[in-house]
Amino acid sequence: IKTAFKSKRDIKMASRQTMYDFLSPEEQKFQEDWAQEKINQMRPCPAGLWWDRIPGGYACTGGHHWMSDELLAKGEGGWY
């Protein structure tokens, strides 16, 4: 499996992504910043739109693309 995550920080943050809802508000802020950075590096929305946090992952603001926390945590890129 090819993953975009090589640094210790990325590996740690990826492992926490599926636990987002259980993180403290402060930890969620750091996790959100990391997730947005990685989403836009690995797989930006093809329409050039921003990704919004939704339960269980992210949806582009156009509503046409979705990325689960699990997919993001794998670091393989892609969306539904």
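Scroll up to find the structure.
Residue numbering note: each chain is counted from 1, following its sequence as written. Residues qualify for local features only when their pLDDT is at least 70, as the model is predicted, and side-chain atom pairs are given and counted only at 80 or more; totals for whole chains, interfaces and linings, by contrast, use all residues. Working from all heavy atoms in the structure, the side-chain values ignore hydrogens and water.

**Q** I keep staring at the overall build of the protein chain and nothing clicks. Help me out?
**A** Scanning the protein chain from N- to C-terminus turns up three helices and three strands. Its C-alpha atoms give the protein chain principal-axis dimensions of roughly 30 × 30 × 15 Å. Between buried and exposed lies partly exposed: a residue is buried under 20% and exposed over 50% of the maximum accessible area for its type, with that area taken using a 1.4 Å probe on protein chains only. Within the protein chain, buried positions represent 40% of all 80 residues. Working rule for contacts: check all heavy atoms of both residues, and any pair within 4.5 Å makes them a contact. In the protein chain, the proportion of contacts linking residues at least 24 apart, taken out of those at least 6 apart, comes to 38%. Residue-level accessible areas treat just the shown protein chains as cover; the underlying method is Shrake-Rupley with a 1.4 Å probe. Accessible area for the protein chain stands at about 5,000 Å²; split by element, carbon and sulfur atoms hold 58% of it. Here the protein chain carries 11 positive and 11 negative side-chain charges, and the mean point of each set is 8 Å from the other. In DSSP terms, a helix is any run of H or I states spanning at least four residues, a strand is any run of E spanning at least two, and both are numbered starting from the N terminus. Charge counting treats Lys and Arg as positive and Asp and Glu as negative, with His and both chain ends excluded. By convention, charge coordinates are those of NZ in Lys, CZ in Arg, CG in Asp, or CD in Glu.

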